[in-house]
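Residue-level listing of the chains:
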Amino acid sequence: MIRLDGVGQVFDGREGRITALEKIDLHVRAGEFVTLIGRSGCGKSTLLRLIAGLLSPTSGTVRVAGEPVSGPRPDVSFMFQRPALLAWRSVLANVLLPVELDRSTAARDKAAYRDRAHELLELVGLQGFERRLPHELSGGMQQRVSLCRSLIRDPKVMLMDEPFSALDALTRTELSEELQRIKMELSTTIVFVTHSIDEAVVLADRAVVLSPRPGRLRDVVEIDIPRPRSLGQNGHVADVARISSRLHALLADKTPPIAERLVDEVWPR
Amino acid sequence: MTKRSWWTESRTAAVLLPVAGLIAAIGLWWLATIVFAVPKFLVPSPADVVARAAEDPMMLLESTWVSLAETVGGFLLAVVIGVPIALLIVRSAILERLVYPLLLMVNAIPKIAVAPLLAVWMGFGPSPKVVMVVLMCFFPIVISTAQGMKSTPVELVELLRSLNASRTQEFFKLRIWHAMPQIFTGLKVAISLAVIGSVIGEFIAATKGLGYLIYTSGASADTALAFAAILLLSIMSIVLFYGLVLLEHRLLPWAQEKR
Ligand SMILES: Nc1ncnc2c1ncn2[C@@H]1O[C@H](COP(=O)(O)OP(=O)(O)OP(=O)(O)O)[C@@H](O)[C@H]1O
Ligand SMILES: [Mg+2]
């Protein structure tokens, strides 16, 4: 679904050039849930923005659904760390924003999306809140609205940049369980950036570890724990602990990233 | 924790206190005119002012209407011109460099210095007053609108980019809305300036209006009439200001929370 070949990104910063990403090869299969984990500043957001078409890579190619990415696509949605809701719009109008802005959808088709919006809001437990304004909702509820907005056009790919990191631990667990449930229903491909090892383990089919400066692919960890998973009450505590400690080690390790040869082995193209 | 009392919390007190302040001020004014025995043609007492106003209420009302029409007309014109200019400035960096210094220069001109010229160009009718009002309130409107649109959070701009929004959509679905609270701040500054503008206009060349009334009554030492006209001007200014505040509450319920 998503394929990155030799992707590099160099920024012209004020203090010279910054190599944010270097030689990234990655293939995300359709329907797969991949978490992207790494230290602050290692280029996770940059990688997502490349896939979203908000940036074009300085080297290499990014493909989504087999086509080279040249700009934002309607079947790829982006969810931010903060809810990024428009304060003057009702919850419903916020969810419908992507449809409203889409100049290629006819007005008649747009009406059909209203029902979809109601469905989605119900799915995340926000039925009855359609007419509310964002400031009347809690942070967790706002992020749920944001989630509905990114689901409204049934995206093939969802890109999520630390979407739950501004929330308290309890809401966060709740939302990540909801996300898993939605994911199982919709079979969307998800790339999910996180700082949290726990989150990476609970959510992902595979966790991609980036190493900092320049951002490179350090390793990819398969997470083959049966779903649905959760942190507290599950029967896979040992598995979770094993994979968590592996990720810890990878994130803490200061040795240079794995050689490209190794990438090819772990990562059949 | 500060101690909360009826005086700072209740709604009745919120109305009572300013009214009490006003009554006290009028009382002091009255007292001063009696105690110091000020001649009526220098400082009239509140009673003198009311009596003078009662002599000719229609004329005062008509003058108020004239000034109000000039003020509101010029203000609305300034909004209609100012907001699109702000839009263009924010939209194009080239235009900003081109127009911004000009705007600053126009704003730097003491408006009162232009008033006689306006009279020469446009005569004694309402147009030079309206133009003066526009000159007075144009700048705060442009600046607040432009600043508001520029301060749109990057994440919201990025959100619209990720949704493939056009530049026009970015302005009309996002930036202008985000700027609304700041636009209203500018409008509230501008409306007070608008009142001043109409008075300046009427001082220089006019045949009616509250400003004209103040000017002519000064010449004939009819101080009580001047006071009445000044009071009406202040009331007009306050009513216009609170009209905007009310409008803001109505139109922008989502913006109240942030304050
Ligand atoms: N537009 C830009 N211009 C210049 N440098 C940039 C730009 N965007 C990102 N960078 C740099 O690229 C590097 C990677 O940034 P990025 O935001 O992708 O990191 P991140 O992994 O998402 O970090 P965090 O976990 O803190 O969100 C950083 O060193 C950053 O300073
Ligand atoms: Mg980031």
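Conventions we followed
- Residues numbered from 1 in each chain as written.
- Chains lettered and ligands numbered in written order.
- Predicted model: local features only at pLDDT ≥ 70, side-chain atom pairs only at ≥ 80, totals over all residues.
- Heavy atoms only, no water.
- Helix = DSSP H or I, 4+ residues; strand = E, 2+ residues; numbered from the N terminus.
- Buried < 20%, exposed > 50% of the residue type's maximum accessible area, 1.4 Å probe, protein only.
- Contact = heavy atoms within 4.5 Å.
- Areas by Shrake-Rupley, 256 points an atom, 1.4 Å probe, with all protein chains shown as cover.
- Phe/Tyr/Trp six-rings, centres within 6.5 Å; stacked < 30°, edge-to-face > 60°.
- Lys NZ or Arg CZ within 6 Å of the ring centre and 35° of its normal.
- Patch = residues over 30% accessible without salt bridge, like charges linked within 9 Å, V, L, I, M, F, W, Y side chains within 5 Å.
- Salt bridge = Lys/Arg side-chain N within 4 Å of Asp/Glu carboxyl O.
- Axes fitted to C-alpha atoms, helices over the stretch in contact; angles between N-to-C directions.
- Parallel < 35°, antiparallel > 145°, perpendicular 65-115°, else oblique.
- Nonpolar A, V, L, I, M, F, W, Y, C, P; charged D, E, K, R; others polar.
- Expected span 1.5 Å × (residues − 1).
- Buried area = accessible area lost by both parts, 1.4 Å probe.
- Polar contact = N/O pair within 3.5 Å; in protein donor to acceptor, adjacent residues only side chain to side chain.
- UniProt positions renumbered as here; feature names shortened; annotations may be inferred.
- Core = buried A, V, L, I, M, F, W, Y, C linked by side-chain atoms within 4.5 Å.
- Domains from an automatic or database assignment.
- Pairing = 2+ DSSP bridges.

Once that is clear, we can look at the overall build of chain A. Across its full length, chain A holds nine helices and 10 strands. Among the 269 residues that make up chain A, the fraction classed as buried is 54%. When contacts within chain A are restricted to residue pairs at least 6 apart in sequence, long-range pairs at least 24 apart make up 70% of them. For chain A, the accessible area works out to roughly 12,100 Å², and carbon and sulfur atoms hold 51% of it.

What follows is about helix H1 (residues 44-52) of chain A. Residues and elements named next belong to chain A. In terms of residue burial, H1 counts as a mostly covered element, since seven of its nine residues are buried. Taken residue by residue, H1 has Lys44, Thr46, Leu47, Leu48, Leu50, Ile51 and Ala52 as its buried positions. A positive backbone phi angle near 80° is found at Gly53, which sits one or two residues after H1.

Turning next to the packing of aromatic side chains. Across all of its chains, the model carries eight aromatic pairs over all chains by this definition. Plain terms: the ring middles of Phe78 of chain A and Phe80 of chain A are 4.9 Å apart, the flat faces sit at 35° to each other, and that makes the pair tilted. A residue is classified by how much of its surface remains accessible, and Phe78 of chain A, at 7% relative accessible area, is buried. Taken together through their ring pairs, the aromatic side chains of Phe33, Phe164 and Phe192 of chain A make up a single cluster. The ring of Phe171 of chain B carries the charged tip of Arg175 of chain B above its face, separated from the ring centre by 5.7 Å.

Before going further, it helps to examine a nonpolar patch on the surface. Taken together, the side chains of Leu22, Ile26, Leu28, Trp30, Leu31, Ile34, Val35 and Phe36 of chain B make up a nonpolar region of the molecular surface, amounting to roughly 880 Å² of accessible area. Looking at where Leu31 of chain B falls in the secondary structure, it is placed in helix H2 (residues 11-35).

Residue and element names in this part refer to chain B. Relative to each other, H2 and helix H3 (residues 46-55) sit at 100°, their axes nearing to 8 Å. Considered as vectors, H2 and H3 are oriented roughly perpendicular to each other. The segment H2 lies against H3, with Ile26, Trp29 and Trp30 engaging Pro46, Ala47 and Val49. Looking at the contact of H2 with H3, its residues break down into six nonpolar, no polar and no charged.

All names here are of chain A. Assignment of secondary structure puts Ile37 in strand S3 (residues 33-37). We classify Ile37 as buried; its relative accessible area is 0%. Sequence spacing of Ile37 and Glu162 is 125 residues, and the spatial spacing of their C-alpha atoms is 9.9 Å. Beyond its immediate sequence surroundings of up to four residues, Ile37 is in contact with Lys44, Thr194, His195, Ser196, Ile197, Ala200, Val208, Val209, Leu210 and Leu251.

Between the first and last C-alpha of helix H6 (residues 169-186) of chain A there are 25 Å, a value that for 18 residues agrees with the 26 Å anticipated at 1.5 Å per step. Looking at the residues trailing H6 of chain A, positive phi occurs at Ser187 of chain A, about 50°.

On the side of chain A, 21 residues touch chain B, which itself brings 19 residues to the contact. Here chain B packs against chain A, burying approximately 2,000 Å² in sum over the two surfaces, 65% of which is carbon and sulfur. Summed over the shared surface of chain B and chain A, the number is three salt bridges. Between Arg82 of chain A and Glu155 of chain B there is a salt bridge, with the nearest N and O atoms lying 3.2 Å from each other. If you look at where chain B meets chain A, you find six residue pairs in polar contact (both at pLDDT 80 or more). Mapped by element, the contributors of at least two residues to the side of chain B that touches chain A are helix H8 (154-162) and helix H9 (167-204) of chain B. The element contributing the most residues to the side of chain B that touches chain A is H8 of chain B, with seven residues. Looking at side-chain class alone, the side of chain B that touches chain A contains nine nonpolar, five polar and five charged residues.

Within this numbering scheme, the UniProt entry marks residues 64-242 of chain B as carrying the feature "domain: ABC transmembrane type-1" (unreviewed entry). In this annotation, residues 64-242 of chain B is assigned 88% helix and 0% strand; the end-to-end C-alpha distance for the span is 18 Å.

A few words now on the UniProt feature "transmembrane region" (unreviewed entry) in chain B. Residue and element names in this part refer to chain B. Within the UniProt annotation, "transmembrane region" (unreviewed entry) is assigned to residues 12-38, 65-90, 102-124, 130-149, 183-205 and 225-247. Taken end to end, residues 65-90 comprises 100% helix and 0% strand; its first and last C-alpha atoms sit 37 Å apart. Counted over residues 130-149, helix gives 100% and strand 0%. Its end C-alpha atoms are 27 Å apart.

Right, let's get into the nonpolar core. Leu4, Ile24, Leu159 and Leu210 of chain A together with Phe75 and Met149 of chain B are the most contacted members of the largest nonpolar core, which totals 88 residues. Looking at which element gives the most residues to this core, the answer is H9 of chain B, with 12 residues. Residues lining this core come from more than one domain, with at least three contributed by each of domain 1 (31-50 + 70-75 + 155-269) and domain 2 (86-154) of chain A. Apart from the residues lying within four places of it in its own chain, the contact partners of Met149 of chain B are Ala86, Leu87, Val90, Phe171, Arg175, Ile176 and Ala179 of chain B. Judged by nonpolar contacts, the second largest core, of 30 residues, contains Leu121, Val124, Ile152 and Leu167 of chain A.

Residues and elements named next belong to chain A. A sheet is described by the order of its strands in space; here four strands give the open sequence S2-S1-S4-S5, paired in antiparallel fashion. Of all strands in the sheet, those with a lone pairing partner are strand S2 (16-28) and strand S5 (67-68), marking the two edges. Taken together, the nine bridges between strand S1 (residues 2-13) and S2 define a ladder with antiparallel strand orientation. Within S2, the position partnered with Arg3 by the bridge is His27. Packing against the sheet, H1 makes contact with S1, S2 and strand S4 (59-64), and its axis sits at approximately 120° to S1.

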